[in-house]
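Chain by chain, the residues run as shown.
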Amino acid sequence: MRRAATIGAAIVALSAIGFAVLAQSETDEDLVEGLSFLGEPVTVADISAGQALYAENCASCHGAELEGQPDWRRRLDNGRMPAPPHDETGHTWHHSDWNLFIVTKGGVGAVVPGYESDMPAFEGILTDDEIADVLSYIKSTWPDRQRKFQAEVSVNDKGDL
Amino acid sequence: MTNSTLNFEPDRRHFLALGMGAAAVLVLPGAVRAADRAADIRTLAFDGDTLLIAGATLRASLDGGRSWQERPTPSPVSSIATHPARPGRLLAGLARGGVAVSGDGGSSWTTRSDGLASGEVTALAVAAGNPDMIYAAIRGDGLWKSEDAGATWALAMDRPWLDAAERDPLTLVSVDLDTGMGGIWIYAGTEKGLTRVPDCFCRWQDVQPGNAMDALAAGDAPPAEAPLPADEPVLSLASALTAPSKLYAALPSGVWASQDGGVVWTHKAEGQGRAIALHPRDENHVAAILNGALKLSRDGGATWIALAIA
């Protein structure tokens, strides 16, 4: 069974970074404990879909291991910033779900008007659900401290950023 | 500098750093002496009620500017920073590079530059909500941060990009206003104006009205803005710890103030502004270097008195 195999692989991957997977027999969905995106629960299948989408769409800039571009705190010669890591060494976890969603869908200019950046807008390339899956995957890699911090930022974001 | 200037001030080593004309000194020694002392000042700070003025030298006044005590400096100071939760602790960004800290109001100093890039520290700030979090801007390099009051340093962010080039922060201030990213803002003045970065260091950006995105989304008229004059450097910034949306700025055109975190600015005083500081417990108690003189306002910049630096 393909689905079972995927989930099995995801469980191995997830337990390797240390968090529990909660089996929800009544919905037949495997919800990831302690993880949500824009208030919606996240399933193991979402994360594995997100992982594949990340590899295809984001890894070329943000790194296969979410490590970002080399020397990412230093500007490129064109004045733009390199792609930052999406793991806990970067600043992605400081942004609310809503902010991450808008940045991914619309580019950085969608949250900072007039800002020039090499981050593409994924509107028309990924669906809203796919964007949510990629970002859920990114969130699933964070240690507890970063996930708690980001959960709080998300709760406080009234959607104005 | 010339021998005749030195004759007037044999006790003042820092005179060597000044480029004042000897002729003026001969005509008006007393006035020029006071003006020199102010011209020498690059930075102001309050350590509680103590007013500190620093540049090639450091002076402290415990009585609102009536009398001054000279204190040692490790080397010429470009920027001085304090925090009310650490009375007597001064942090100095040094013009020849490095950061020094004093725990006794400036009587003694130790350097704290482990891991910090070399080069002039153009600006220094303490995080409003964390007295051990220090930010330093290094000329030609970037913004560095220390989470342990200067003991260790790490690069936080490159310099801001304004008008097609990287610009040195000439002044930095931690502004205790929510970024919506779980932290607060750091504002910087540059030769090309004002900019700011969230303390997670994701990106430098213009100061925008908090509700600009809402207005954009709703198709409403954008909120009112009255930015600082373009084409003027922002030389010094101060934020009121007691009222964080209240900011002051010193520019070549004078002293400016904002009540809303830097969206709308009003001109508070004319003259060549150089440095500005706010009392930690009174946002209307402002010290500034204006037209080469030290000035004090107790009413938020409406009226000013000149202080002699003796």
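- Per an unreviewed UniProt entry, chain B goes by the name BNR/Asp-box repeat-containing protein and belongs to Sedimentitalea nanhaiensis.

- Looking at an unreviewed UniProt entry, one finds chain A named Cytochrome c and attributed to Sedimentitalea nanhaiensis.
- UniProt annotates chain A under Cofactor (unreviewed entry) with the comment "heme c".

Considering the confidence of the model for chain A
Logical step 1: Mean pLDDT over chain A works out to 85, with 80% of the residues at or above the 70 mark.
Logical step 2: This model gives residues 1–26 of chain A a pLDDT under 50, and the stretch forms 31 contacts once residues within four places in sequence are excluded.

Details of the sheet that holds strand β19 (residues 243–251) of chain B
Residues and elements named next belong to chain B.
Logical step 1: Read from one edge of the open sheet, four strands run β18-β19-β20-β21, paired in antiparallel fashion. What marks the edges here is a single partner per strand, and that holds for β18 (236–240) and β21 (265–270). Neighbour-to-neighbour, the strand axes of this sheet turn through a mean angle of 20 degrees, independent of strand direction.
Logical step 2: One ladder, built from five bridges, connects β18 with β19; its direction is antiparallel.

Points about the interface of chain B and chain A
Logical step 1: Counting residues at the interface gives 25 residues for chain B and 20 residues for chain A.
Logical step 2: When chain B packs against chain A, the two sides together hide about 2,000 Å² of surface, and 57% of this comes from carbon and sulfur.
Logical step 3: The interface formed by chain B and chain A contains two salt bridges.
Logical step 4: Here A:Arg74 and B:Asp141 are joined by a salt bridge, their closest N and O atoms 3.2 Å apart.
Logical step 5: There are six residue pairs in polar contact (both at pLDDT 80 or more) connecting chain B and chain A.
Logical step 6: Elements with a contribution of two residues or more to the side of chain B that touches chain A: β11 (142–146), β12 (154–158) and α4 (212–218) of chain B.
Logical step 7: Sorting elements by how many residues they give to the side of chain B that touches chain A places β12(B) first, with four residues.
Logical step 8: Each residue belonging to the side of chain B that touches chain A can be placed in one class, and the counts come to 12 nonpolar, seven polar and six charged.

About the cut-offs
Residues numbered from 1 in each chain as written. Chains lettered and ligands numbered in written order. Predicted model: local features only at pLDDT ≥ 70, side-chain atom pairs only at ≥ 80, totals over all residues. Heavy atoms only, no water. UniProt positions renumbered as here; feature names shortened; annotations may be inferred. pLDDT = per-residue confidence, 0-100. Contact = heavy atoms within 4.5 Å. Pairing = 2+ DSSP bridges. Helix = DSSP H or I, 4+ residues; strand = E, 2+ residues; numbered from the N terminus. Axes fitted to C-alpha atoms, helices over the stretch in contact; angles between N-to-C directions. Buried area = accessible area lost by both parts, 1.4 Å probe. Salt bridge = Lys/Arg side-chain N within 4 Å of Asp/Glu carboxyl O. Polar contact = N/O pair within 3.5 Å; in protein donor to acceptor, adjacent residues only side chain to side chain. Nonpolar A, V, L, I, M, F, W, Y, C, P; charged D, E, K, R; others polar.

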